[in-house]
Amino acid sequence: MADRDARSGEDRLPTGIPAVLRWEEPPEGPVVVLLDQTRLPAEEVELVCTDAAALVEAIRSLAVRGAPLLGIAGAYGVALAAVRGFEVAEAAAALEGARPTAVNLAVGVRRARAAHQEALAKTGDTRRAADAALAAARALHQEDAEASARMAGHGLRLLDELLPAGGHRVLTHCNTGSLVSGGEGTAFAVALAAHRAGRLRRLWVDETRPLLQGARLTAYEAARSDMAYTLLTDNAAGSLFAAGEVDAVLVGADRIAADGSVANKVGSYPLAVLARYHHVPFIVVAPVTTVDPDTPDGASIEVEQRPGYEVTEVTAPQVPVAGAGAGIPVAPLGTQAYNPAFDVTPPELVTAIVTEEGAVSPVTGEALAELCARSRQVTIS
């Protein structure tokens, strides 16, 4: 069950943005508290999830979203089911299937469930097993925050190498900041690091249709961080490249296949094509957990298809609605819509993939495999 609460948000990041996810233990029982991203930027409203089913709905509705944060949410969802005495295997299966393209979600769910199973097998104590699942979720949350900081550092160094003149003008797509992470994000964190170092001249923010995560969320984060940013419609990006106004493209990823193919928010692939034509670096920033060695190539990535009403209607907080999807109709009744949530960019169009373990360039399956192996060694040690 989920409840919404328009709270002031005592837990806030340095930019003033409320904490996007946290575990709380009120007298009535533990809960996962989310910042409802569907209500931004008009309202900062919290969504209180008392069971895994509510968290699944929050994931599907995009109240909580973004690859790293989905992994964290999935882990906490398993812990929530365990602590409250629900069937953990059932909750894990529901959470893992909530959004099929985002590999981090499955990684987080499996990590917390594995901790729960191991503790249960060793002790036979359901309470200790629940504590183990919660500890795994908290560890993942902390690790992601640390990974975010390292990605920002590696990404800024790469930008400075590729663009030694400084004054970076960076184009980004969708939302990749603190709203998708335990820290300050992935691609946005790199731009934020450049801003803090005095080397960001302009952040170009793609609107990111049909759900406007760029306009609603990235612009919100950029404004809170006092960054120089400009919003543009997705179909204006080509003219921006043609005018020579883009020095680099920074995007995140929801799944990276073993060969380096990158699934990211739909609209990323056209940017990669534009970047290649205009000789502009196209840089993907994502944690190592987003690399999926079990997915051999881009054709093997399952691309989530979302409801057509997200295209045929527009939604805005506090606006009267009339459509089937609780939005304002912008197309004739009965219009069919093609609405993939993601597209796939082949590795030959990707200049570099930046992770917390460093950057891979050129992007090849061998280089990614080596990076993942190095990451596992660091984790084991």
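This text follows the structure it describes.
The shown structure was predicted, so the numbers you read here are calculated from the model rather than taken from an experiment.

Colleague: Account for the packing of helix α4 (residues 103–123) against helix α5 (residues 126–162), with residues named and values stated.
Modeller: At a minimum axis distance of 8 Å, the contact between α4 and α5 shows a crossing angle of 150 degrees. The orientation of α4 with respect to α5, classified from their angle, is roughly antiparallel. Considering how the two elements wind past one another, α4 and α5 form a crossing that is right-handed. Side by side, α4 and α5 meet where G108, R111, A112, A115, H116, A119, L120 and T123 of the first sit next to T126, R128, A129, A130, A132, A133, A136, A139, L140 and E143 of the second. Its residues assigned to classes, the contact of α4 with α5 comprises eleven nonpolar, four polar and three charged.

Colleague: Before we move on, could you go through the packing of helix α2 (residues 67–83) against α5 and cite the residues and values that matter?
Modeller: Packing of α2 against α5 leaves a shortest axis separation of 8 Å and a crossing angle of 165 degrees. By the criterion of interaxial angle, the relationship of α2 to α5 is roughly antiparallel. You can see that α2 and α5 cross each other, and the crossing is left-handed. Side by side, α2 and α5 meet where P68, G71, I72, A75, Y76, A79, A82 and V83 of the first sit next to A130, A133, L134, A137, R138, L140, H141 and D144 of the second. Class assignment of the residues belonging to the contact of α2 with α5 gives a composition of twelve nonpolar, two polar and two charged.

Colleague: Outline the pattern of salt bridges, supporting the account with residue identities and numerical values.
Modeller: All told, the structure shown has 17 salt bridges when counted by the stated rule. Residue K122 is joined to E118 by a salt bridge in which the shortest nitrogen-to-oxygen separation is 3.2 Å. With a gap of four residues between them, K122 and E118 both fall in helix α4, about one helical turn apart. Taking the relative accessible area as the measure of exposure, K122 reaches 66% and is therefore exposed. The class of E118 is partly exposed, set by a relative accessible area of 47%. A cluster of three or more residues bridged by salt bridges with shared partners is formed by R99, E304, R306 and E310.

Colleague: Go over the sheet that holds strand β11 (residues 282–285), please, and point to the residues and values.
Modeller: Pairing is mixed across the open sheet formed by seven strands, whose spatial order is β7-β6-β5-β8-β11-β16-β17. The open sheet terminates on both sides in strands that have one partner only, identified here as β7 (229–232) and β17 (358–360). The sheet shows a mean angle of 25 degrees between the axes of neighbouring strands, direction not considered. Of the strand pairs in this sheet, strand β16 (residues 352–355) and β17 are connected by three bridges, and their pairing is antiparallel. Bridge assignment links I353 to a residue of β17, and that residue is V360. Sheet strands in contact with α5 are β5 (168–172), β8 (248–251), β11, β16 and β17, and its direction is about 150 degrees off that of β16. Those strands touched by helix α9 (residues 268–277) are β5, β6 (200–206), β8 and β11, and its axis lies near 140 degrees from that of β11.

Colleague: Quick one: what's the story with the sheet that holds strand β15 (residues 342–345), residue by residue and with numbers?
Modeller: Read across the sheet, four strands follow the order β12-β9-β10-β15 without closing on themselves; strand pairing throughout is mixed. In this open sheet, the two edge strands, each paired with only one partner strand, are β12 (291–292) and β15. Where α9 meets the sheet, its contacts fall on β10 (262–265) and β15, and the angle it forms with β15 comes to roughly 35 degrees.

Colleague: So what's going on with the pairing of β6? Which residues, and what values?
Modeller: Counting buried residues along β6, five of its seven residues qualify, which places the element largely inside the surrounding structure. With five bridges joining them, β5 and β6 adopt parallel strand pairing. What sits directly across from L171, in β6, is W204. As a crossover connection, the stretch from β5 through helix α6 (residues 187–196) into β6 is right-handed. With helix α7 (residues 213–224) bridging β6 and the parallel β7, this β-α-β connection has right-handed handedness.

Colleague: Tell me about a nonpolar patch on the surface, and please be specific about residues and values.
Modeller: A cluster of nonpolar side chains, contributed by V314, I328 and V330, occupies part of the molecular surface with about 230 Å² of accessible area. The topology assignment puts V314 in strand β13 (residues 313–314). On the basis of relative accessible area, V314 is assigned to the partly exposed category, the value being 40%.

What counts, and where the lines are drawn
Residues numbered from 1 in each chain as written. Predicted model: local features only at pLDDT ≥ 70, side-chain atom pairs only at ≥ 80, totals over all residues. Heavy atoms only, no water. Axes fitted to C-alpha atoms, helices over the stretch in contact; angles between N-to-C directions. Helix = DSSP H or I, 4+ residues; strand = E, 2+ residues; numbered from the N terminus. Parallel < 35°, antiparallel > 145°, perpendicular 65-115°, else oblique. Left-handed = near helix turned anticlockwise from the far one by under 90°. Contact = heavy atoms within 4.5 Å. Nonpolar A, V, L, I, M, F, W, Y, C, P; charged D, E, K, R; others polar. Salt bridge = Lys/Arg side-chain N within 4 Å of Asp/Glu carboxyl O. Buried < 20%, exposed > 50% of the residue type's maximum accessible area, 1.4 Å probe, protein only. Pairing = 2+ DSSP bridges. Right-handed = clockwise from strand over helix to strand, strands pointing away. Patch = residues over 30% accessible without salt bridge, like charges linked within 9 Å, V, L, I, M, F, W, Y side chains within 5 Å. Areas by Shrake-Rupley, 256 points an atom, 1.4 Å probe, with all protein chains shown as cover.

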